[in-house]
Amino acid sequence: MPVPDCPQCGDPVTRILDLAYGYWEWDVDAGKYEHRTCSDRVDVAPWVHDTCMGELRDLHPQNDYSGANT
C-alpha cells in the first residue's frame with residue numbers, strides 16, 4: 001500500500017502523532033519547557049505529521065490508503 005503525502009510539507013507520512021493539545025519542548029534559552037501547538041485554531045486536528053508537525057486534518061491512521069498517491 002502506498003504511503004500518503006503530507007498536505008503541509010509534501011513528504012511521505014510514515015509516522016502520525018496524536019497531539020490534539022500540542023506538545024512540550026525544552027527551550028534552552030528560557031531553561032524550561034514551553035508549550036507548543038500544531039495549530040493557531042481551537043478546532044485543531046488531532047493528527048500531525050511527525051516531520052513538520054503539520055496538521056493532518058483529512059488523514060486518520062486507520063483509514064485505507066491503498067489508493068493513495070506516492
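What counts and how
Residues numbered from 1 in each chain as written. Predicted model: local features only at pLDDT ≥ 70, side-chain atom pairs only at ≥ 80, totals over all residues. Heavy atoms only, no water. Pairing = 2+ DSSP bridges. Helix = DSSP H or I, 4+ residues; strand = E, 2+ residues; numbered from the N terminus. Buried < 20%, exposed > 50% of the residue type's maximum accessible area, 1.4 Å probe, protein only. Polar contact = N/O pair within 3.5 Å; in protein donor to acceptor, adjacent residues only side chain to side chain. Core = buried A, V, L, I, M, F, W, Y, C linked by side-chain atoms within 4.5 Å. Contact = heavy atoms within 4.5 Å. Phe/Tyr/Trp six-rings, centres within 6.5 Å; stacked < 30°, edge-to-face > 60°. Patch = residues over 30% accessible without salt bridge, like charges linked within 9 Å, V, L, I, M, F, W, Y side chains within 5 Å. Areas by Shrake-Rupley, 256 points an atom, 1.4 Å probe, with all protein chains shown as cover. Salt bridge = Lys/Arg side-chain N within 4 Å of Asp/Glu carboxyl O.

Some thoughts on the pairing of strand β2 (residues 23–27)
So, step 1. Bridge analysis of β2 against strand β3 (residues 32–36) gives 5 bridges, and the strand direction is antiparallel. The residue of β3 that forms the bridge with W24 is H35.

Points about the side chain of H49
So, step 1. Along the polypeptide, H49 turns up in strand β4 (residues 47–49).
So, step 2. Overall, the relative accessible area of 0% leaves H49 in the buried class.
So, step 3. Reaching out from H49, the side chain makes a polar contact with the backbone oxygen of P12 at a distance of 3.3 Å.

Here's the deal with the nonpolar core
So, step 1. Of all hydrophobic cores here, the largest spans 6 residues; its members are C6, V13, W47, L56, L59 and Y65.
So, step 2. Setting aside its immediate chain neighbours within four residues, L59 contacts P4, V13, W47 and Y65.

Side note on the packing of aromatic side chains
So, step 1. What the rule picks out here adds up to 1 aromatic pair.
So, step 2. Centre to centre, the rings of W26 and Y33 are 5.0 Å apart; their planes meet at 80 degrees, and the pair counts as edge-to-face.
So, step 3. Residue W26 is classed as partly exposed on the basis of its relative accessible area of 46%.

Examining a nonpolar patch on the surface
So, step 1. Where nonpolar side chains cluster on the molecular surface, the patch consists of W24, W26, V28 and Y33 and spans about 550 Å² of accessible area.
So, step 2. You can see W26 is positioned in strand β2.

Interpretation in functional terms is not warranted from these geometric data alone.
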